[in-house]
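Observations on the model geometry
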2 protein chains.
Amino acid sequence: MSADKQFDRTALEQLLTKRFFYAPSFQIYGGVAGFYDFGPTGCALLNNIISQWRNHFVLEEEMLELDTTIMTTHDVLKTSGHVDKFADWMCKDLKNGEIFRADHLVEAVLEARLLGDRQARAAKAGATDADAAAVATTAQKSDKKKKKKGTVVAVELPEEERKAYEEILAQIDNYGGPELTEIIKKYNIRSPESGNELSEPQEFNLMFESQIGPTGQLKGYLRPETAQGQFLNFKKLLEFNNEKMPFASAQVGRAFRNEISPRSGLLRVREFTMAEIEHYVDPDNKNHPGYNDVKDTVMRFLPKDVQLSGKTELQEMTVGEAVEKGIVDNQTLGYFLARIYQFLLKIGIKRDRLRFRQHMDNEMAHYACDCWDAEIQTSYGWIECVGCADRSAYDLTVHSVRTKEKLVVREQLAEPRVVEKWQVEINKKTFGPKFKKNAKAVEEAILSYTDECFAQLQKDLEANGVAQVEVGSDKFEVSKDDVSVQKAKVTEHVREYTPNVIEPSFGLGRILYALLEHSWWVREDDEARNVLSFPPIVAPFKCCILPLSANAAFDPFVRKFSRALRQNGVSTRTDDSGASIGRRYSRNDELGIPYAITVDFQTVEDNTVTLRYRDSTKQIRDSFENILKILKEEQ
Amino acid sequence: MSADKQFDRTALEQLLTKRFFYAPSFQIYGGVAGFYDFGPTGCALLNNIISQWRNHFVLEEEMLELDTTIMTTHDVLKTSGHVDKFADWMCKDLKNGEIFRADHLVEAVLEARLLGDRQARAAKAGATDADAAAVATTAQKSDKKKKKKGTVVAVELPEEERKAYEEILAQIDNYGGPELTEIIKKYNIRSPESGNELSEPQEFNLMFESQIGPTGQLKGYLRPETAQGQFLNFKKLLEFNNEKMPFASAQVGRAFRNEISPRSGLLRVREFTMAEIEHYVDPDNKNHPGYNDVKDTVMRFLPKDVQLSGKTELQEMTVGEAVEKGIVDNQTLGYFLARIYQFLLKIGIKRDRLRFRQHMDNEMAHYACDCWDAEIQTSYGWIECVGCADRSAYDLTVHSVRTKEKLVVREQLAEPRVVEKWQVEINKKTFGPKFKKNAKAVEEAILSYTDECFAQLQKDLEANGVAQVEVGSDKFEVSKDDVSVQKAKVTEHVREYTPNVIEPSFGLGRILYALLEHSWWVREDDEARNVLSFPPIVAPFKCCILPLSANAAFDPFVRKFSRALRQNGVSTRTDDSGASIGRRYSRNDELGIPYAITVDFQTVEDNTVTLRYRDSTKQIRDSFENILKILKEEQ
């Protein structure tokens, strides 16, 4: 179903609720935004997606899968930057206390004003009311994401203001608190429904906070990603991998994001299942051993320079071409983009509704140095479902600096090599008496310097005779007598480096939702006949067994067949409800079960059954053994 | 390995760390008690256990699996009783602030004193120091759980005090705050290491608390069990199951318990993976359709009356016998005990180190009406790994009362039946004016009465002309004029009931740890040769491929074989490190990989490989295709 065609999201949502794919959590208590429970169908679908993911990535590439804790201590997430930077801006209706995410609010209000402007123009141009309504509908459909709408009033805007709004909307993701504050003031943006004034935007950290143990002294957060647990174990992983590079760790698990005001169903939730890969690679050699196997994969790219020029045309080419042209930075990144592509197609995402969009420089997370998103088109627009970021050496470096634990690879060099290295000499005689209890900390601070810092230190000492050393928030002054630093040639037999990390990160709930939209269609002959055409490998159940009636003669056959199917890895569901076969077939279609086997009186006589195909509704009759063979082959 | 034999836990723990089964979380930050990360081996082992669990229970019995949120709102857990009752008692060292779990502290100190007493007696009886040390060692080994020890001083105790200590230790699990306070005072129990005085025990709720959203108004907790999410969805599940009874829901997922002072490695942690089944059953008919298939299973039981008489002898009998004799209350409970037993044996738990112990009446959770634990013997003693509780109608009833959502089964009766039911008549004329804005709440409170409450209401109205009605914490007085209540005969066509819930609840981390202990042994010919003999179905990897050397001629064979194995569902790991084959075999044994395939120069010529069996070290040589056939059959 193309995205341009009218997409009846309400009808799909009704189907998903009826067949319990998912539902708001704590619904009998009124529910809380951003929390969903997966029912038997949604849970089986999710489990099957995870299982395919594990086969496709972890087993296929011998990745080292981990299962680390969700609860994470403050220190870890302080170091990773999440305590300081993992935040959104919110503002409050000053009278009724309603809270908004500031960027979403600005977006909603300006979009509403632009819509009002278009309506007013259409009306002025002598269009009928029906035309104006059509403008409204089209405009709503084209919204990037569904937001709480500002009230639409048909008022024409001055040309200049209209342009300003469009510019703001184009770069809304780039604004921080100060910019949002200014926009809200300048364009008199108010609480959309009440019209009340708003507070200035304030930062709100998106991590759920808690206390570990009874002391009240140990702060913890629910992890916002599964990555940090993998980085912390890097040393053990490298050892487990017999010190060989490159390699990848992986993790599937729950992560949390305390959204200010979640909406858009499964697309923006407070608790979700992720699957993340951390591929550790030599920064000097980002080639990948599997690159040749995937380089001919043709995909659709949206590079950053295309976006910067204001266009959205997709560039179709092979991964190899993209890497050669420098559109995709390196082989490893290209390799994973192709593998992500293959995975998404395998589980049923439609090829023509999938693209790879490069992040613009100002859009990337604080740790990333290059990033591509696999975006899937849904009725909410193009949705980021997999991020593939080059996190460089950021995480391993910051954790290493903070903990003084070396998180490096030591590579035995084939030939020793001579390199220039900074040599530091600490004068113990002056150092101890001068810095007393801080002496050790000051020394360690200097020893952990990067090359740039050493160069600066040397420059300062030469120029001024003294230099500043920072230890946490304290500053100390060292002199030429305390410390000397110079470059010298040393012969190295071992190269030591901090690996870079390429991180494919999958939002499984989003992928699942996109798959639901892509799999849904309605049989033309009958408006009410919904079908969910999942590929058999991820369908919640592979086969349904339907006894014709409640006749006890069918029972042993149902039991025998369902056992045989299960033993052959075909998950089954028995539908022995009293409903007619036709009604049960259509229930099957709604559950997305690709095959149905009907047991009837003939079965009792000759062991044959009817196999019905979900998508074509074709039926064939054969012995159960032959049907089983077909199912084993087709899945 | 029998538990009586010296069990070298330190050696096992070294092996588990070396092969990265699990490790303390945030270890490079110093770690936090009660949090563990599973490494590649532990994670694969856990995933395989979960996969077997899902096959054995969910798929085999067509259970409805759910995936509900970890974050749970205050209201839900207030209703379930966890906010008020899910707590332990803690006390504080009044000088250094150290915090202890009060019952563990009492236990540790009294055990230390008893040990000192035994040492003193042994010394007095003229034993050598070595003998006394042996007493100490034996006593330590026999401790039920490893606790932080009180300092052991060899002081003989008066006979009476010794007896008192033993009595206290025997029922330590039954004591609440007041009893613990009394014991601490009476026996002058102090902080074990510092000898300082202790604060009075205080209650500490074991749930991790957090705030949902930015308002600060919505309190949430990390779920302490996966069960509540299942109960909240009962209505949708029943509908999904076409209103048929009995049926079960199931869930695998993370749960949390903010332990006061966790220890004992994986056995008592703050974050863990559980698997829970909620089987909904007619309270008037707890028979189970699968009972006949399992009733001949022979198991070892420890019923509560045996324990009450102070004995621990296990009673070996069939499940059928246990149900018939009333030792196990009903077929459904018996059915699940047998299924749990089968599951644990299947994944490798040793038959002679597994027992089913019934909870004593004062030991059960606040919701349970009968409970059996599958206990597995480890070096820490007999450990509860699976609980199988009859939660009665407790949870569905409390959620229903709180939310006014009917959580019941409606059963069409074959024959209409006449029953006596309470009929209430509210006099709207007096009710409204009298209770004003509370009128509706008071009416609803009366209408939701149980039979017992109606009987009491009638009695009060008859005796006094008035009666009290509680609405939350408010009380209202109704009179005979406001309300009348009597029993009357009504004809019912539908029977409406709240199902009872039988809940098998699996602590997967504990089962995994027990499996590690049961699987570990050391080859007799070589003290250093550890083996972990996991059954192939749960082994972290099924097969290891070992190229004889780094010769490039082996590469295509390694790739071809590992792909073929994976495609046939045999998970593989390639060990192409430079170590000798012998050393790699022994690494294999330590990883618990049941099969190893060696690729050598002969392979290049004739496509044959060597298959080595982990447990027997037997080796056979055959074509790869034949070896593949063996592996597919044996797993």
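Residues numbered from 1 in each chain as written. Chains lettered and ligands numbered in written order. Predicted model: local features only at pLDDT ≥ 70, side-chain atom pairs only at ≥ 80, totals over all residues. Heavy atoms only, no water.

1. Points about the overall build of chain A
Convention followed: The numbering of helices and of strands both runs from the N terminus, where a helix is a DSSP run of H or I of at least 4 residues and a strand a run of E of at least 2. Burial classes follow relative accessibility: with a 1.4 Å probe on protein chains only, a residue under 20% of its type's maximum area counts as buried, one over 50% as exposed, and anything between as partly exposed. In this analysis, two residues are considered to be in contact whenever any of their non-hydrogen atoms come within 4.5 Å of each other. Methods summary: accessible areas were calculated by the Shrake-Rupley approach with a probe of 1.4 Å, and residue burial reflects only the protein chains presented.
What chain A contains, in helices and strands, is 23 helices and 28 strands. Overall, chain A is about 100 × 70 × 55 Å in size when its C-alpha atoms are taken along their principal axes. Split into buried and exposed, the 635 residues of chain A put 56% on the buried side. Taking contacts inside chain A between residues at least 6 apart in sequence as the whole, the part at least 24 apart equals 69%. By element, 47% of the accessible surface of chain A is carried by carbon and sulfur atoms, the whole surface being about 28,100 Å².

2. Here we look at the sheet that holds strand S9 (residues 219-222) of chain B
All names here are of chain B. Worth spelling out the cut-off: A strand pair is defined by DSSP finding two or more bridges across the two strands. Axis lines are fitted to C-alpha atoms, over the contacting stretch for helices. Their N-to-C directions set the angle, which ranges from 0 to 180 degrees.
An order of S4-S9-S8 is seen for the three strands of this open sheet, with the pairing classed as antiparallel. Across the chains shown, the open sheet's two edge strands, defined by having one partner strand only, are strand S4 (71-73) and strand S8 (209-211). The mean inter-strand angle of the sheet, taken between neighbouring strand axes irrespective of direction, is 40°. With three bridges connecting them, S8 and S9 associate as antiparallel partners. Paired with Glu-209 across the two strands is Tyr-221, which belongs to S9.

3. With respect to helix H8 (residues 177-186) of chain B
All names here are of chain B. Using the following cut-off: Think of it as the arc spanned by the lines of direction from the helix axis to the C-beta atoms.
Considered for burial, the residues of H8 that qualify are Gly-177, Leu-180, Thr-181, Ile-183 and Ile-184. The buried residues of H8 occupy an angular sector of 165° when the element is viewed end-on, so they sit on one face. Summarising the geometry of H8, the exposed residues directed more than 90 degrees from the buried face are Pro-178, Glu-182, Lys-185 and Lys-186. Looking at the packing, one finds that the buried side of H8 touches strand S5 (87-92), helix H5 (102-124) and helix H7 (159-170). A positive backbone phi angle near 50° is found at Asn-188, which sits one or two residues after H8.

4. Remarks on the sheet that holds strand S24 (residues 543-547) of chain B
Residues and elements named next belong to chain B. Strand order in the open sheet formed by five strands is S25-S24-S26-S27-S28, with mixed pairing between adjacent strands. In the strand order of this sheet, the two ends are held by strand S25 (572-574) and strand S28 (619-623), each with one partner. Pairwise comparison of adjacent strand axes, ignoring direction, gives a mean angle of 25° for this sheet. Where strand S26 (residues 595-599) meets strand S27 (residues 608-613), four bridges bridge the pair, whose relative direction is antiparallel. Within S27, the residue paired with Tyr-595 across the bridge is Tyr-613. In the packing of helix H20 (residues 555-567) onto the sheet, the strands contacted are S24, S25, S26 and S27, and the crossing angle to S24 comes to about 170°. Packing of helix H23 (residues 624-634) onto the sheet brings it into contact with S24, S26, S27 and S28, and relative to S28 it is tilted by some 120°.

5. Some words on the relation of the copies chain B and chain A
The relation between the two copies of this chain is a rotation about an axis and a shift parallel to it. Heads up, the rule is: Only residues with pLDDT of at least 70 in both copies count here: their C-alpha atoms drive the least-squares fit that superposes the copies.
Its rotation angle being 180°, the transformation that places chain B on chain A also includes 0.0 Å of axial translation and leaves an RMSD of 0.2 Å. As the rotation angle and translation indicate, the two copies are arranged about a two-fold axis. In terms of C-alpha distance to the rotation axis, chain B has Ser-210 of chain B as its closest residue, with the C-alpha 2.7 Å off the axis. Of the interface residues in chain B, 99% have counterparts in chain A that sit at the interface too, so the contact is made through matching surfaces.

6. Focus on the interface of chain B and chain A
In plain terms, the rule: One speaks of a salt bridge when a side-chain nitrogen belonging to Lys or Arg is within 4 Å of a carboxyl oxygen belonging to Asp or Glu. We call two N or O atoms a polar contact when they sit within 3.5 Å, provided that within protein one can donate a hydrogen and the other can accept it, with sequence-adjacent residues counted only if both atoms are side-chain atoms. Throughout this entry, Asp, Glu, Lys and Arg are counted as charged residues, while Ala, Val, Leu, Ile, Met, Phe, Trp, Tyr, Cys and Pro are counted as nonpolar. The remaining residues, Gly among them, count as polar.
Taken residue by residue, the interface counts 81 residues in chain B and 80 residues in chain A. If you look at where chain B meets chain A, you find six salt bridges. For Asp-67 of chain B, the salt bridge is made with Arg-254 of chain A, and the minimal N-O distance between the two is 2.4 Å. For the pair chain B and chain A, the number of links is 33 residue pairs in polar contact (both at pLDDT 80 or more). With seven residues, the single largest contributor to the side of chain B that touches chain A is helix H2 (residues 40-59) of chain B. Its residues assigned to classes, the side of chain B that touches chain A shows 33 nonpolar, 24 polar and 24 charged.

7. Here we look at unusual backbone geometry
Here Met-245 of chain A and Pro-246 of chain A are connected by a cis peptide whose omega angle stands at -10°. Mapping Pro-246 of chain A onto the fold places it in the loop between helix H10 (234-240) and strand S10 (247-256). Located in the positive-phi region is Asn-607 of chain B, a residue other than glycine, with phi close to 65°. The residue Asn-607 of chain B is located in the loop between helix H22 (601-606) and S27 in this model. We classify Asn-607 of chain B as buried; its relative accessible area is 18%.

8. Considerations on the state of the cysteines
Residues and elements named next belong to chain A. For the record, the criterion: The disulfide criterion used throughout: a pair of cysteine sulfur atoms within 2.5 Å.
Inspection of every chain in the model, using the stated rule, returns zero disulfides over all chains. Free cysteine: Cys-371, not disulfide-bonded; nearest cysteine sulfur from Cys-388 at 7.4 Å. In this structure Cys-544 is a free cysteine whose sulfur lies 7.0 Å from that of Cys-543, the closest cysteine sulfur available. Since its relative accessible area comes to 0%, Cys-544 is described here as buried.

9. With respect to the packing of aromatic side chains
Each aromatic ring pair is characterised by the separation of its centres together with the angle its planes make. To keep things clear, this is the line we draw: A pair of aromatic rings is counted whenever rings of Phe, Tyr or Trp (Trp by its six-membered ring) have centres within 6.5 Å, and the orientation is called stacked for planes under 30 degrees apart, edge-to-face for over 60 and tilted otherwise. For a lysine, the NZ atom is tested; for an arginine, the CZ atom; a charge sits over a ring if that atom is within 6 Å of the ring centre and within 35 degrees of the ring normal.
Across all of its chains, the model carries 54 aromatic pairs over all chains by this definition. Their ring planes at 55° and their centres at 5.8 Å tell us that Phe-57 of chain A and Phe-343 of chain A sit as a pair that is tilted. With Phe-57 of chain A in helix H2 (residues 40-59) and Phe-343 of chain A in helix H14 (residues 331-346), this residue pair connects regions lying 286 residues apart in the sequence. Residue Phe-57 of chain A is classed as buried on the basis of its relative accessible area of 0%. Aromatic ring contacts, followed pair by pair, group Trp-53, Phe-57, Phe-343 and Phe-506 of chain A into a single cluster. Arg-573 of chain B extends its terminal NZ or CZ atom over the ring of Phe-541 of chain B, reaching a point 6.0 Å from the ring centre. Note that Lys-618 of chain B overlies the ring of Tyr-613 of chain B, its terminal NZ or CZ placed 5.0 Å from the centroid.

10. Considerations on the domain arrangement of chain A
All names here are of chain A. The line we're drawing: Residue ranges for the domains trace back to a domain assignment, done automatically or taken from a database. Buried area is calculated as the accessible area (1.4 Å probe) missing from two parts once they are joined, with the contributions of both summed.
Assigned domains of chain A: these are domain 1 (9-69 + 223-393 + 502-507), domain 2 (87-205), domain 3 (416-492) and domain 4 (541-634). Using only C-alpha atoms to locate each centre, domain 1 and domain 4 end up separated by 36 Å. Between domain 1 and domain 4, the contact holds seven residues from the first and five residues from the second. Overall, the association of domain 1 and domain 4 removes approximately 540 Å² of surface from exposure, summing both partners, and the carbon and sulfur fraction of that is 57%. Ranking the residues of domain 1 by area buried against domain 4 places Leu-15, Arg-19 and Thr-41 at the top, with a combined share of 60%. One can count two salt bridges joining domain 1 with domain 4. With its nearest N and O atoms 2.9 Å apart, the salt bridge here joins Arg-19 to Glu-590. Sort the elements by how many residues they give to the side of domain 1 that touches domain 4 and H2 lands first, with three residues. Residue composition of the side of domain 1 that touches domain 4, by class: three nonpolar, two polar and two charged.

11. A word on the pairing of strand S28 (residues 619-623) of chain A
With five bridges connecting them, strand S27 (residues 608-613) of chain A and S28 of chain A associate as antiparallel partners. In the sheet register, Val-609 of chain A faces S28 of chain A, and the bridge partner there is Asp-622 of chain A.

12. Some thoughts on the packing of H2 of chain B against helix H14 (residues 331-347) of chain B
All names here are of chain B. Heads up, the rule is: For any helix crossing, the convention is left-handed if the near helix is rotated counterclockwise from the far helix by under a right angle, and right-handed if that rotation is clockwise.
H14 packs onto H2 with a crossing angle of 145° between their chain directions and a minimal axis gap of 11 Å. Relative to H14, H2 is oriented so that their crossing is right-handed. Here Ile-49, Gln-52, Trp-53, His-56 and Phe-57 of H2 come into contact with H14, specifically with Arg-339, Ile-340, Gln-342, Phe-343, Lys-346 and Ile-347. Tallied by class, residues from the contact of H2 with H14 come to six nonpolar, three polar and two charged.

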